[in-house]
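# Structural features, examined
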Amino acid sequence: MEPETQTPQYAADLKWMQHALTLAQRAADEGEVPVGAVLVKDNQMIAEGWNRPIASHDPTAHAEIMALRAGAAQLRNYRLGDTTLYVTLEPCAMCAGAIIHARVARLVFGAHDPKGGAAGSVFTILPGEQLNHRVICERGLLAAPCGDILSRFFASRRKTVRDE
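A brief structural summary. Everything quoted here is computed from the prediction, not taken from an experiment.

### A closer look at the overall build of the protein chain
The number of helices and strands found in the protein chain is five helices and five strands. What you see in the protein chain, going N to C, is helices and strands ordered as α-β-β-α-α-β-α-β-β-α. Against the 2.2 N^0.38 benchmark of 15 Å for 164 residues, the protein chain shows a C-alpha radius of gyration of 15 Å, consistent with a compact globule. Across its three principal directions, the C-alpha atoms of the protein chain cover 50 × 40 × 30 Å.

Shown next, in the form of structure tokens:
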């Protein structure tokens, strides 16, 4: 995603992705894979989430799912139209399906996921051109810091395993 001469939308996108990065760090601090997500409507945060599958004993507790669940509860509606979801990592197939079913209008993600991304890296579930709802996808916002937090996390895991 290339900056478009600092438009108000780009400035807002940066703000929310930076918040998603703080949530990713929270996940890392909890020993979870560092992914953060922020759900925004009318430039107001509706909900946030970070990876929690280990702590919650729930394989579906990805950052996106956590944010979608909280957003649906906040809006008292399972349809999340006119929202933007900011995520530090390209969503997996499960999360991509949930994003489509929730009718999220726009997805902005940071790092590509070459092992399981469902917005073009491995699968192309998003933007969902074959389905009745299409999500606008913006890729690569703050890709370097979003990728760096993941790289550091997995490097520290590999180091821990080698030291044992």
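### With respect to the packing of helix α3 (residues 63-75) against helix α4 (residues 93-101)
Across the interface, α3 lies against α4 with an axial gap of 9 Å and an inter-helix angle of 25°. The orientation of α3 with respect to α4, classified from their angle, is roughly parallel. The handedness of the crossing between α3 and α4 comes out as left-handed. Across the interface between the two elements, Glu64, Ile65 and Leu68 from α3 touch Met94, Cys95, Ala98 and Ile99 from α4. Counted by class, the contact of α3 with α4 contains six nonpolar, no polar and one charged residues.

### Digging into the sheet that holds strand β4 (residues 106-111)
Strand order in this open sheet of five strands is β2-β1-β3-β4-β5, and the pairing throughout is mixed. With partners counted over all chains shown, the strands left at the sheet margins are β2 (44-50) and β5 (136-139), one partner each. When strand polarity is set aside, the average angle formed by the axes of neighbouring strands in this sheet is 15°. Bridge count for strand β1 (residues 36-41) against β2 is six bridges, and the pairing is antiparallel. By the bridge assignment for β2, valine 38 is matched with glutamate 48. Packed on one face of the sheet, helix α1 (residues 8-29) meets β1, β2, β3 (83-89) and β4 and runs near 50° to β3. Taken strand by strand, α3 contacts β1, β2 and β3, and its axis lies near 140° from that of β2.

### Quick look at the pattern of salt bridges
Applying the stated rule across the entire model yields five salt bridges. Here the residues in one salt-bridge network are Asp13, Arg106 and Glu138, joined through shared partners.

### Focus: α1
Over its 22 residues, α1 runs 32 Å from end to end, which matches the ideal 32 Å to within 8%, given 1.5 Å per residue. For α1, the complete set of buried residues consists of Tyr10, Ala12, Asp13, Leu14, Trp16, Met17, Ala20, Leu21, Leu23, Ala24, Ala27 and Ala28. Downstream of α1 by one or two residues, glycine 31 has phi in the positive range, about 85°.

About the cut-offs
- Residues numbered from 1 in each chain as written.
- Predicted model: local features only at pLDDT ≥ 70, side-chain atom pairs only at ≥ 80, totals over all residues.
- Heavy atoms only, no water.
- Helix = DSSP H or I, 4+ residues; strand = E, 2+ residues; numbered from the N terminus.
- Rg over C-alpha atoms; globule rule 2.2 N^0.38 Å.
- Axes fitted to C-alpha atoms, helices over the stretch in contact; angles between N-to-C directions.
- Parallel < 35°, antiparallel > 145°, perpendicular 65-115°, else oblique.
- Left-handed = near helix turned anticlockwise from the far one by under 90°.
- Contact = heavy atoms within 4.5 Å.
- Nonpolar A, V, L, I, M, F, W, Y, C, P; charged D, E, K, R; others polar.
- Pairing = 2+ DSSP bridges.
- Salt bridge = Lys/Arg side-chain N within 4 Å of Asp/Glu carboxyl O.
- Expected span 1.5 Å × (residues − 1).
- Buried < 20%, exposed > 50% of the residue type's maximum accessible area, 1.4 Å probe, protein only.

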